[in-house]
Amino acid sequence: SQYCRHATLCWVRSRTNWHGLSVSICHDELVIPESAARLRLPQVVAHRGASSLYPEHTLAAYRAAIAQGADALECDVRLTVEGELVCLHDRTLRRTGLSDGLVSTSTLAELEQIDFGAWKPQEGVSWSRDEVGVLTMRRLLETAADAGVKLAIETKHPTRYGEKVEQSLVKL
């Protein structure tokens, strides 16, 4: 009707396709389909943390997302040369680390020397190394567990380590 607005609330992936879950606002009232209510939707999933305001995949971004009420946190994981899982999207360090090299050929100690917040400066804001240093998957798991939020973990491929990324994640 002329008083109804429709919006796709989220996308859900099945084995073969993506499906939009739609809601309607009719006469200023939110109408959520029964299927969404059963799934306890909508849920807010913070993609790479509160990445619009904070440097992505940093403790600062994930803590902000939790403080803003996110139901879940999304992260990407990669393996370092010694097999440590770290939360980084890109295979190179160029964009978020302003550095040369690959995550997969770097040690955790080398990654700990990089300021992953420098690429996204904010006027009048300075972050501690703990807030914008490389974030290990173990630390993010602890942070999420302490806050009682869920995690959506994406393993990045292709990678020189093949299925070791998933195996390391399961062991963790």
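Description of the structure in this document. If you're wondering where the values come from, they're calculated on a predicted model, not measured in any experiment.

### As for the packing of aromatic side chains
Thinking step 1. Summed over the entire model, instances satisfying the criterion amount to one aromatic pair.
Thinking step 2. Ring geometry for Tyr54 and Trp127: centres 6.3 Å apart, planes at 50 degrees, overall tilted. Of this pair, Tyr54 sits in the loop between strand E4 (45–47) and helix H2 (59–67) while Trp127 is found in the loop between helix H4 (108–111) and helix H5 (129–132), placing the two residues 73 residues apart along the sequence.
Thinking step 3. For Trp127, a relative accessible area of 19% puts it in the buried group.
Thinking step 4. Here the guanidinium or amino end of Arg95 rests over the ring plane of Trp119, the centre of that ring lying 5.6 Å away.

### Points about helix H6 (residues 137–147)
One turn of an α-helix holds 3.6 residues; hence residues three or four places apart share an orientation.
Thinking step 1. Turning to H6, its buried residues number three or more, namely Met137, Leu140, Thr143 and Ala144. Projection of H6 onto a plane perpendicular to its axis shows the buried side chains occupying an angular sector of 125 degrees, all on one side. Exposed residues on H6 whose side chains face more than 90 degrees from its buried face are Ala145 and Asp146.
Thinking step 2. Along its buried surface, H6 packs onto H2, strand E5 (72–79), strand E6 (85–87), strand E7 (150–155) and helix H7 (164–171).
Thinking step 3. Positive phi appears at Gly148, one or two residues downstream of H6, with a value of about 75 degrees.

### Side note on the pattern of salt bridges
Thinking step 1. Taken as a whole and assessed by the stated rule, the structure comprises seven salt bridges.
Thinking step 2. Of the charged contacts, one joins Asp76 and Arg48 as a salt bridge, the two residues approaching to 3.6 Å between their closest N and O atoms. Here the residue Asp76 occupies a position in strand E5, and Arg48 occupies one in the loop between E4 and H2, the gap between them amounting to 28 residues. Taken individually, Asp76 and Arg48 each receive the classification buried, so the pair is uniform in this respect.
Thinking step 3. The salt bridge involving Asp130 is made with Arg139; its shortest N-O contact spans 2.8 Å.

### Focus on the side chain of Glu56
Thinking step 1. Mapped onto the elements of the fold, Glu56 is located in the loop between E4 and H2.
Thinking step 2. A polar atom in the side chain of Glu56 sits 3.3 Å from the side chain of Arg48.
Thinking step 3. Filtering out sequence-adjacent residues up to four positions away, Glu56 remains in contact with Arg48, Ser51, His89, Arg95, Thr96 and Trp119.

### Details of the pairing of E5
Thinking step 1. Among the eight residues of E5, eight are classified as buried, and the element is accordingly described as predominantly covered.
Thinking step 2. Of the two faces of E5, the one holding Ala72, Glu74, Asp76 and Arg78 and the one holding Leu73, Cys75, Val77 and Leu79 are both buried throughout.
Thinking step 3. Two elements, E4 and E5, share three bridges in a ladder whose sense is parallel. Across the sheet, Val45 pairs through a bridge with Ala72, a residue of E5.
Thinking step 4. As for the winding sense of the linkage, the β-α-β connection from E4 through H2 to E5 is right-handed.
Thinking step 5. Inspection of the sheet shows E5 paired to E7 by six bridges, in the parallel sense. Across the sheet, the residue bridging to Cys75 is Ile153, located in E7.

So, how was this worked out
Residues numbered from 1 in each chain as written. Predicted model: local features only at pLDDT ≥ 70, side-chain atom pairs only at ≥ 80, totals over all residues. Heavy atoms only, no water. Phe/Tyr/Trp six-rings, centres within 6.5 Å; stacked < 30°, edge-to-face > 60°. Helix = DSSP H or I, 4+ residues; strand = E, 2+ residues; numbered from the N terminus. Buried < 20%, exposed > 50% of the residue type's maximum accessible area, 1.4 Å probe, protein only. Lys NZ or Arg CZ within 6 Å of the ring centre and 35° of its normal. Arc of directions from axis to C-beta. Contact = heavy atoms within 4.5 Å. Salt bridge = Lys/Arg side-chain N within 4 Å of Asp/Glu carboxyl O. Polar contact = N/O pair within 3.5 Å; in protein donor to acceptor, adjacent residues only side chain to side chain. Pairing = 2+ DSSP bridges. Right-handed = clockwise from strand over helix to strand, strands pointing away.

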